[in-house]
Structures are given as structure tokens and as C-alpha cells.
Amino acid sequence: VAVGDAVPRQVVDHYENPRNVGSLDRNAKNVGTGLVGAPACGDVMKLQVEVDENGRIVDARFKTFGCGSAIASSSLATEWVKGKTVDEALKIKNTDIAKELCLPPVKLHCSMLAEDAIKAALADYKLKQDPNKEESEKKA
Amino acid sequence: REQRYSEQHSSLINKAYRTLLNPLSRGLYLLELNGVEPAQETDCDADPVFLTEIMEINEKLAEPGNEDILEETETLIKVKQEELTKEVTTAFERGDLQEAKKLLAKMKYFANLEDKLKNKKIPS
């Protein structure tokens, strides 16, 4: 184990006390589900959001199988999206997550995975609201 | 000095042997030799059915130890790994490196599951 491998306190916190672990009803119209994987390390991450009629995210859950940084990133992501509108949540960047968790360079891809999971969940939600918009949305 | 030289080479040989013995690392090495980088970016448009399957197997493994489920899962993982190894071999034989790359990415997920299962079997 190399020097500098010390796990940041924030990561340990999210790992030992993960917030929002679980599932939402993926069949509900106002629930968006994002399922992403990181092929290099084999981590999988599922992130779900529940959106109210005003376009605000009222609940979020995650299930991640992977390293502590991946779990912490997705845990933090679910905390951050709650209370935000869909458009606000789309602005969450992996760099913000990485900074908050003090992720070392070798674990930056974990925060990227979390950002992708958020986007995938929101894209799924949007698709459910208006399937006909799929073609124009794909270009975004 | 000669001893250090021998040690380094012996260590290299061990590493080479281990790399070539395991189908996943062997496949990734072959990709590297052909100038193809293994899959790096997040799989956003990766087969959702595949990722769902990986999630489900992970969830099964996370459940408190039930011997039968563990055995069933172990068999499932082995079968999948054998299938994938065959498909990777075919892809390489055809010279389809992009397909090999995709399949090796899938094998990585199963390699992780295999490790998790091994850890479950070790009494803590």
C-alpha cells in the first residue's frame, strides 16, 4: 500500500454511514433510474430520483457495488440532488463531488461515475415524461 | 548484482505467468499488444440488461449467507465467465478488437463478482 493511500475521512463517513441506500419504484412515472458501470474497475452504480409535479427532486436512492470512493460519490450525489430541480441537478459536476470528498487522482473516475449516474437518472425521468421528445433530447 | 538481476527477472516471469494464465488479464494484454486501450470511460449506453444482471448478482451476494444461493451464484458466475472467454477468443481470432474490448469489459464485472464470492466463503 503506497503512502498517500490514506482514505479521506469524508469517504469513510459515507462508507460507514451511507445516506439513501435503497430503491425507488422504477415503474413510477415520476421516478428516473440511472444504471451505469465503470468497465475499468467493474464498479456498478444505480441512482434513482423521485421528482414532484414542480420538477423538483424530492427523494433519491442509490445502490453501488464497488470501491469506497464509488459508494461515497453516489451517496453524496443522492444527498446533493434532493431539493434541486432537474435542471439544477444536471449542473452537478464530478469535480465538485471529488473536491467535497477529497478524492485522490486515482479515484476521480468514481466521481465521474456518480455524475454520469445522475445524468442517466434524469434522462430516464425526462424520457418518461415525454417519450416523443426522445429524438431531440438525444442530441443534447 | 547478479542476484538482483535474477530476482527482477524471476519476478517478471511470475508476473508474466499470472497475466497469461488468467483469461481476463491475458485478453487485456493482447489488446494492449494490438494498440487498443481497454475500456476506460463510464458505460452509459452499455447494455442496461447486462448491468441489471450484474446488479442483481451483487445484491444476491450481499444477502446474509445462504449456502444454496451462494453455490447457485458461484455456478452462474463460472458459466458466464466461460461463455465470455469463448466469445473473446472468437473475437480475437476474427481480428475484431473492438468486440474483444467490449467483452473483456464484461468479464471485468464478473471477475469482481468472483472475488466478492471468494471473500464471502472465507470465514471472517
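Before reading further, recall that the structure is shown in the block above.
Bear in mind that the values here come from a model prediction, so they are computed numbers and not experimental data.

> Break down the pattern of salt bridges for me, citing the residues and quoting the values.
All names here are of chain A. For the coordinates displayed, the defined rule picks out 13 salt bridges over all chains. Two residues, Asp 59 and Lys 82, come together in a salt bridge whose shortest N-O distance is 3.7 Å. Of this pair, Asp 59 sits in strand β3 (residues 57–65) while Lys 82 sits in the loop between α2 (68–81) and α3 (86–89); the two residues are 23 residues apart in sequence, bridging distant segments of the chain. Through salt bridges with shared partners, one network takes in Asp 13, Arg 19 and Glu 79.

> Give a description of the environment of Glu 59 of chain B that names residues and reports values.
By the secondary structure assignment, Glu 59 of chain B is in helix α3 (residues 48–62). Among the residues examined, Glu 59 of chain B registers a relative accessible area of 24% and is labelled partly exposed. Not counting residues within four places of it along the chain, the set of residues in contact with Glu 59 of chain B comprises Lys 63 and Phe 65 of chain A.

> Outline the packing of helix α4 (residues 94–101) of chain A against helix α5 (residues 108–129) of chain A, listing residues and values.
Residue and element names in this part refer to chain A. In contact at an axis separation of 8 Å, α4 and α5 are set at 130° when each is read in the N-to-C sense. By the angle between their directions, the pair α4 and α5 is classed as oblique. Our pair here, α4 against α5, has a crossing hand that is right-handed. Residues Asn 94, Ile 97 and Ala 98 of α4 form the contact with α5, whose own contacting residues are Leu 108, Ser 111, Met 112, Ala 114 and Glu 115.

> Lay out a nonpolar patch on the surface with the relevant residues and their values.
All names here are of chain B. On the surface, a cluster of nonpolar side chains totalling about 360 Å² of accessible area is made up of Leu 20, Tyr 29, Leu 30 and Leu 33. At 3 residues, helix α2 (residues 23–33) tops the list of elements feeding residues into the nonpolar patch. Note on placement: Tyr 29 falls in helix α2.

> So what's going on with the packing of aromatic side chains? Residues and values would help.
Residue and element names in this part refer to chain B. Under the counting rule described, the total for this entry stands at 2 aromatic pairs over all chains. Between Phe 50 and Tyr 109, the aromatic rings sit 5.7 Å apart at their centres with planes inclined by 70°, giving edge-to-face as the arrangement. Of the two residues, Phe 50 sits in helix α3 while Tyr 109 sits in helix α5 (residues 97–121), which places them 59 residues apart along the sequence. As far as the burial class goes, Phe 50 and Tyr 109 line up, both buried. Seen in terms of ring centroids, Phe 50 and Phe 110 are 6.0 Å apart; in terms of plane orientation they differ by 65°. Their pairing is edge-to-face. Of this pair, Phe 50 sits in helix α3 while Phe 110 is found in helix α5, placing the two residues 60 residues apart along the sequence. Here Phe 50 and Phe 110 have matching classes, each one buried. The ring of Phe 50 has Lys 106 sitting right over it, with the charged end atom 4.9 Å from the ring centre.

> Please give an account of the nonpolar core that cites residues and values.
Core analysis: the biggest nonpolar cluster contains 30 residues, and Val 49 and Val 81 of chain A have the highest contact counts within it. Counting residues per element, the ones that place at least two in this core are β1 (31–38), β2 (43–51), β3, α2, α3, α4 and α5 of chain A. The residues touching Val 49 of chain A, leaving out its near neighbours within four places in the chain, are Leu 24, Asn 30, Val 31, Gly 32, Ile 57, Asp 59, Ala 60, Val 81, Ala 121 and Leu 122 of chain A. Phe 65 of chain A together with Met 55, Ile 57 and Leu 103 of chain B belong to the second-largest nonpolar core, a separate cluster that totals 28 residues.

Cut-offs and rules
Residues numbered from 1 in each chain as written. Chains lettered and ligands numbered in written order. Predicted model: local features only at pLDDT ≥ 70, side-chain atom pairs only at ≥ 80, totals over all residues. Heavy atoms only, no water. Salt bridge = Lys/Arg side-chain N within 4 Å of Asp/Glu carboxyl O. Helix = DSSP H or I, 4+ residues; strand = E, 2+ residues; numbered from the N terminus. Buried < 20%, exposed > 50% of the residue type's maximum accessible area, 1.4 Å probe, protein only. Contact = heavy atoms within 4.5 Å. Axes fitted to C-alpha atoms, helices over the stretch in contact; angles between N-to-C directions. Parallel < 35°, antiparallel > 145°, perpendicular 65-115°, else oblique. Left-handed = near helix turned anticlockwise from the far one by under 90°. Patch = residues over 30% accessible without salt bridge, like charges linked within 9 Å, V, L, I, M, F, W, Y side chains within 5 Å. Areas by Shrake-Rupley, 256 points an atom, 1.4 Å probe, with all protein chains shown as cover. Phe/Tyr/Trp six-rings, centres within 6.5 Å; stacked < 30°, edge-to-face > 60°. Lys NZ or Arg CZ within 6 Å of the ring centre and 35° of its normal. Core = buried A, V, L, I, M, F, W, Y, C linked by side-chain atoms within 4.5 Å.

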